[in-house]
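For reference, the chains in residue letters:
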Amino acid sequence: MAARTITFLSDYGHDDEFVGVCHGVIRRVVPYAVVIDITHGIPPQDVRRGAIVLRSAVGFMPPGVHLAVVDPGVGTDRRALAIRCSGEQVLVGPDNGLLWPAAARLGRIEEAVDISDSPFRLQPMSATFQGRDLFAPVAAHLARGASLREAGDSIPPEDVARLDLPLARAGDGEVSTVVLYADRFGNVQLGAERAQMEKAGLKPGQAMMIESNGERHSARYGRAFAEAPAGHLLVYEDSSGAIAIAVNRGDAAASLQLEADDEVRLLRTEP
Amino acid sequence: MAARTITFLSDYGHDDEFVGVCHGVIRRVVPYAVVIDITHGIPPQDVRRGAIVLRSAVGFMPPGVHLAVVDPGVGTDRRALAIRCSGEQVLVGPDNGLLWPAAARLGRIEEAVDISDSPFRLQPMSATFQGRDLFAPVAAHLARGASLREAGDSIPPEDVARLDLPLARAGDGEVSTVVLYADRFGNVQLGAERAQMEKAGLKPGQAMMIESNGERHSARYGRAFAEAPAGHLLVYEDSSGAIAIAVNRGDAAASLQLEADDEVRLLRTEP
Amino acid sequence: MAARTITFLSDYGHDDEFVGVCHGVIRRVVPYAVVIDITHGIPPQDVRRGAIVLRSAVGFMPPGVHLAVVDPGVGTDRRALAIRCSGEQVLVGPDNGLLWPAAARLGRIEEAVDISDSPFRLQPMSATFQGRDLFAPVAAHLARGASLREAGDSIPPEDVARLDLPLARAGDGEVSTVVLYADRFGNVQLGAERAQMEKAGLKPGQAMMIESNGERHSARYGRAFAEAPAGHLLVYEDSSGAIAIAVNRGDAAASLQLEADDEVRLLRTEP
């Protein structure tokens, strides 16, 4: 009963049994562990979105083992990983960049192992559902107290696949960036942070412009949705620390027809 | 391990990490509490539907702390609440009417506190994700045994925002009401109860008519879906005690093109 | 705290409170039991898909009580069941074939009881939500240690409703089968297994053809998605042991416009 917490993120969705089967596999190893589903709503095979969401969520989770599976390369020779970061935080998943931003958020990678042939995997191991056969059981055994060295073969931490997120460019009175994704409420997260807004001279409380799809839209740069009138655009720092676009009591992604990777410019209009 | 049960209802959906992050925040305070997700499928910002569903579900939950977040006014000066009802039942959420019908169902409000500046909130507190920063941690601390007075500032119970649901009118041989919502199966819940049906002289087992969108449809007033032939309309008291419309082995909301707030008349055709 | 594990599968979806309410009912009986949601994404009233998914998942679950509700006949005189199979595995659900394939997978049915009037049911029992009022409380009491005989009236195991899944026909160089369903990733599960492929002389590693909707498509018979180039068709044995069709990094159900019950022929093209 002293097992560590396991968190779990994937692109498995809830229409099928994939998530439930992984829970079953975990519970056979550590019946009473706390297991937290971060989300399974990552769009299929969207490694970047999985990586961003994992990075954003991990700091709010109890320390423990963080299992993440968004794995378009399942069945290829891409490596499978377990990573130990500062503070005894452990990440388990495919070596395709998914784990990298969360690992960077948690601190230095102190140890990494290739778990592709882990003794904890289920056998026979399928070539199409390694969440069930490899990642979940390895995560469960690490949660019950196994060491990384028992789970796989040591690799140099610098060999872990990186994922570089799109960078915003800040100029005088202007931030150029791209859409990372839109959430359920239609709030649009951008690849920019407050530092770039400050560099461009954009100040909270000011009117500003959003340029996207060849059009300009008036917006307010604020903190809470209600700082814009109902139906109006708000640019704000979202709860994960990213600059985002919302419509107060509306859906910004639908209003501006924005989707992932669309270019967006944020423009100062007040001195 | 003696923490009280926490139930959790929201409009966060499962596409994003919002629900998972709240679970993480709760588990950092009360790792082994029982946490039950009532649903997170409330349509975005639909306070009325959240209130109806919470009221309907709460009687089937273990007693404890009931966390509910449907909060179009997040970041405004709307109050945030913890309420204690008879039987040591506690409700936590925004003061926008969401909690009112459930509180009325649970019995008298014995104590209410404004938790907007609760010492249990996470800091810095975002203006856009107070489920994570305010409501979840306050619910978790109340589940671990903190008192309402430790969580916030006392307010008079009569100051809690009410939510009045649409009332049905019962006349001779007729009940006039509105659609509250349709569920996954296309069953349509109305703002009427058995008492109004009785007052209008509508008796289970009888044929009757449904009038909506300017058309009349033959139906049976019964108890189980199978009392109507496959594909036919049934009016019945649903499992939450509301009068509802179904199509046996079909989808009544689609068949009758009904959505929330549409007017519906239920008409007696047999003596 | 010694309660047995409960797994739970249904067609309730996550938009409504149905799943959460069943969890509440279970937790009032066995607060600290491990409860695993296999999935609630079975399409409404699709007994066959529920049965296939339950059969495929149950072997990966901890032993215990397996609750399954896909119940188009709710409120009719269809029986409600609890079944005990070899190894003290228990299945609870409607007697409409839903439990049969899983029971066959778990081994011989050693005991069956009709729980329609179980003393463990909630009263008054609704005619429309027996997941809440009948199946969940019976499953919970069985998990806490009640015997089947306490839960209902003994019936002969051979009276349990069967569900026969579509059989594939294997001829020389050809397997004729039907689509069982497509999953979230667009992978299409067929009613065929490796034995039929072997009988037809189809060998992993070979090129082959898929015939459906009157057209033929080149494919590869392989093991992992990546054995087909991106965007190309792969026929493979999926993680549940069924023959399936995928598009590497794509959506086979959309590409081939396949849905449940569509006929598919798998054709050998190499000697």
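Residues numbered from 1 in each chain as written. Chains lettered and ligands numbered in written order. Predicted model: local features only at pLDDT ≥ 70, side-chain atom pairs only at ≥ 80, totals over all residues. Heavy atoms only, no water.

Caption draft 1: The arrangement of the confidence of the model for chain A in detail. Across chain A, the average pLDDT comes to 96, with 100% of residues at 70 or higher. Interface predicted TM-score (ipTM) for the complex: 0.95; the corresponding pTM is 0.96. (pLDDT = per-residue confidence, 0-100.)

Caption draft 2: Representation of the nonpolar core. Leu91 of chain B together with Tyr12, Leu67, Val92, Ile115 and Leu142 of chain C are the most contacted members of the largest nonpolar core, which has 71 residues in total. In terms of residue count, the dominant contributor to this core is helix α4 (residues 130-144) of chain C (8 residues). For isoleucine 115 of chain C, the contacting residues outside a window of four places in its chain are Ala80, Leu81, Ala82, Val92, Leu134, Phe135, Val138, Ala151 and Gly152 of chain C. (Core = buried A, V, L, I, M, F, W, Y, C linked by side-chain atoms within 4.5 Å. Buried < 20%, exposed > 50% of the residue type's maximum accessible area, 1.4 Å probe, protein only. Helix = DSSP H or I, 4+ residues; strand = E, 2+ residues; numbered from the N terminus. Contact = heavy atoms within 4.5 Å.)

Caption draft 3: Focus on the interface of chain A and chain B. Across the contact, 32 residues belong to chain A and 35 residues belong to chain B. Of the roughly 2,600 Å² buried where chain A meets chain B, counting both sides, 58% is carbon and sulfur surface. On the chain A side of the contact with chain B, Phe60, Arg184 and Phe185 of chain A bury the most area, a combined 27% of that side's loss. Inspection of the region where chain A meets chain B yields 1 salt bridge. Arginine 49 of chain A is the partner of aspartate 16 of chain B in a salt bridge, and the nearest nitrogen-oxygen pair spans 3.0 Å. At the boundary of chain A and chain B, one finds 10 residue pairs in polar contact (both at pLDDT 80 or more). Within the residue set of the side of chain A that touches chain B, elements represented by two or more residues are β2 (35-39) and α2 (47-58) of chain A. (Buried area = accessible area lost by both parts, 1.4 Å probe. Salt bridge = Lys/Arg side-chain N within 4 Å of Asp/Glu carboxyl O. Polar contact = N/O pair within 3.5 Å; in protein donor to acceptor, adjacent residues only side chain to side chain.)

Caption draft 4: Structural detail: the interface of chain B and chain C. With 32 residues of chain B at the interface, the matching set in chain C holds 35 residues. It is Phe60, Arg184 and Phe185 of chain B in chain B that bury the most area against chain C; as a group they hold 28% of the surface buried on that side. At the surface where chain B touches chain C, the tally comes to 1 salt bridge. In this assembly, chain B and chain C are joined by 10 residue pairs in polar contact (both at pLDDT 80 or more). Elements represented by at least two residues in the side of chain B that touches chain C include exactly β2 (35-39) and α2 (47-58) of chain B. For the side of chain B that touches chain C, the residue count by class is 18 nonpolar, 7 polar and 7 charged. (Nonpolar A, V, L, I, M, F, W, Y, C, P; charged D, E, K, R; others polar.)

Caption draft 5: Main features of the packing of aromatic side chains. Applying the stated criterion to the full structure yields 18 aromatic pairs over all chains. Centroid distance phenylalanine 8 of chain A to tyrosine 12 of chain A: 6.5 Å. Interplanar angle 80 degrees. Geometry classified as edge-to-face. Note on phenylalanine 8 of chain A: relative accessible area 0%, which makes it buried. An aromatic cluster is present here, built from Phe8, Tyr12, Phe18 and Phe129 of chain A together with Phe185 of chain C joined pairwise through their rings. (Phe/Tyr/Trp six-rings, centres within 6.5 Å; stacked < 30°, edge-to-face > 60°.)

Caption draft 6: Just helix α4 (residues 130-143) of chain A, in detail. All names here are of chain A. The terminal C-alpha atoms of α4 lie 18 Å apart, and with 14 residues this matches the ideal 20 Å at 1.5 Å per residue to within 8%. Of all bends in α4, the biggest is about 30 degrees, found at alanine 136, and the proline proline 137 comes one to four residues later. For α4, the buried fraction is high: 14 of the 14 residues fall into the buried class. Remark: glycine 145 follows α4 within two positions and exhibits a positive phi of approximately 120 degrees. (Expected span 1.5 Å × (residues − 1). Bend = angle between axes of the 7 residues up to and from the residue.)

Caption draft 7: Layout of the pattern of salt bridges. Residues and elements named next belong to chain A. One pass over the structure, following the stated rule, counts 42 salt bridges over all chains. Salt-bridge contacts for aspartate 172 lead to arginine 268; the nearest nitrogen and oxygen are separated by 3.5 Å. Linking aspartate 172 in the loop between β8 (169-171) and β9 (174-182) with arginine 268 in strand β15 (residues 263-268), this pair joins segments that are 96 residues apart in sequence. By sharing partners, the salt bridges in this structure join Arg84, Glu88, Arg108, Glu110 and Glu111 into a single network.

Caption draft 8: Quick peek at the sheet that holds strand β4 (residues 80-85) of chain C. Residue and element names in this part refer to chain C. Strand order in the open sheet formed by 7 strands is β2-β1-β3-β5-β4-β6-β7, with mixed pairing between adjacent strands. Two strands lie at the open edges of the sheet, namely β2 (35-39) and β7 (153-155), each paired on one side alone. Strand-to-strand twist of the sheet, defined as the mean angle between neighbouring strand axes without regard to direction, takes the value 25 degrees. (Pairing = 2+ DSSP bridges. Axes fitted to C-alpha atoms, helices over the stretch in contact; angles between N-to-C directions.)

Caption draft 9: Expanded view of the relation of the copies chain B and chain C. The transformation that overlays chain B on chain C combines an axial shift of 0.0 Å with a rotation of 120 degrees, and the residual RMSD is 0.0 Å. Accordingly, the operation relating the two chain copies is best matched by a three-fold axis. The rotation axis passes nearest to the C-alpha of histidine 14 of chain B in chain B, at a distance of 4.9 Å. Different-surface contact between copies: only 16% of interface residues of chain B are shared with the interface of chain C. (Least-squares fit on C-alpha atoms with pLDDT ≥ 70 in both.)

Caption draft 10: Inspection of the relation of the copies chain A and chain B at higher detail. Note on the identical chains: chain A maps onto chain B by a rotation of 120 degrees and an axial translation of 0.0 Å, with an RMSD of 0.0 Å. Taken as a fraction of all interface residues of chain A, those also at the interface in chain B reach only 16%, which identifies the copy contact as different-surface.

Caption draft 11: Broad picture of the sheet that holds strand β7 (residues 153-155) of chain B. All names here are of chain B. Reading across from one edge, β2-β1-β3-β5-β4-β6-β7 is the order of the 7 strands in this open sheet, with mixed pairing throughout. Each of the sheet's edge strands pairs with one partner strand only, and the pair in question is β2 and β7. Geometrically, the sheet is characterised by an average inter-axis angle of 25 degrees between neighbouring strands, direction not taken into account. The sheet strands contacting helix α4 (residues 130-143) are β1 (5-10), β3 (64-69), β4 (80-85) and β5 (89-94), and the helix crosses β3 at an angle near 170 degrees.

Caption draft 12: View of the pairing of strand β4 (residues 80-85) of chain A. All names here are of chain A. Most of β4 sits inside the fold, with 6 of its 6 residues counted as buried. Neither face of β4 is left uncovered, since the one carrying Ala80, Ala82 and Arg84 and the one carrying Leu81, Ile83 and Cys85 both have all their residues buried. Sheet analysis places β4 next to strand β5 (residues 89-94), joined by 6 bridges and oriented antiparallel. Residue pairing across strands places isoleucine 83 opposite leucine 91, the latter belonging to β5. Hairpin geometry of β4 and β5 is characterised by an intervening segment of 3 residues between the two adjacent antiparallel strands and by a positive phi of about 75 degrees at glycine 87.

Caption draft 13: How the structure looks around the packing of helix α1 (residues 18-29) of chain A against α4 of chain A. Residue and element names in this part refer to chain A. The contact between α1 and α4 brings their axes to 9 Å, and the two run at 35 degrees. Here the hand of the crossing between α1 and α4 comes out right-handed. Between α1 and α4, the residues in contact are Val21, Cys22, Val25, Ile26 and Val29 and Gly131, Arg132, Ala136, Pro137, Ala140 and His141, respectively. Among the residues forming the contact of α1 with α4, the class breakdown is 8 nonpolar, 2 polar and 1 charged. (Left-handed = near helix turned anticlockwise from the far one by under 90°.)

Caption draft 14: View of helix α2 (residues 47-58) of chain C. For α2 of chain C, with 12 residues, the first-to-last C-alpha span of 16 Å sits near the 16 Å given by 1.5 Å per residue. With 12 of 12 residues buried, α2 of chain C lies mostly within the body of the structure.

Caption draft 15: A look at the pairing of strand β14 (residues 243-247) of chain A. All names here are of chain A. The buried fraction of β14 amounts to 5 of the 5 residues, a majority that puts the element mostly inside the structure. Residue alternation in β14 divides its side chains into two sets, Ile243, Ile245 and Val247 and Ala244 and Ala246, and both sets are buried. When strand β10 (residues 188-190) meets β14, the two strands line up antiparallel, connected through 2 bridges. Across the sheet, the residue bridging to glutamine 189 is alanine 244, located in β14. Count of turn residues in the strand β13 (residues 233-237)/β14 antiparallel hairpin: 5 residues, of which glycine 241 carries a positive phi of about 95 degrees.

Caption draft 16: View of the environment of alanine 219 of chain B. Mapped onto the elements of the fold, alanine 219 of chain B is located in strand β12 (residues 215-222). When the C-alpha positions of alanine 219 of chain B and leucine 267 of chain B are compared, they lie 9.7 Å apart, and in sequence the two are 48 residues distant.

Caption draft 17: Spotlight on the side chain of histidine 40 of chain B. With respect to the element layout, histidine 40 of chain B can be found in the loop between β2 and α2. Only 2.7 Å separates the side chain of histidine 40 of chain B from the side chain of serine 10 of chain B, close enough to count as a polar contact. What histidine 40 of chain B contacts, discounting residues up to four positions off in sequence, is Arg184 of chain A, Phe8, Leu9, Ser10, Asp11, Tyr12, Gly13, His14 and Val19 of chain B together with His14 of chain C.

Caption draft 18: Geometry of unusual backbone geometry. Proline 124 of chain B follows glutamine 123 of chain B through a cis peptide bond whose omega is 0 degrees. Inspection of the secondary structure assignment puts proline 124 of chain B in the loop between β6 (109-114) and α4. The phi torsion at asparagine 213 of chain B lies on the positive side, around 50 degrees, for a residue other than glycine. Residue placement: asparagine 213 of chain B occurs in the loop between β11 (207-212) and β12. Even without glycine at this site, arginine 249 of chain C takes up a positive phi of about 60 degrees. As for its placement among the helices and strands, arginine 249 of chain C is situated in the loop between β14 (243-247) and α7 (252-256).

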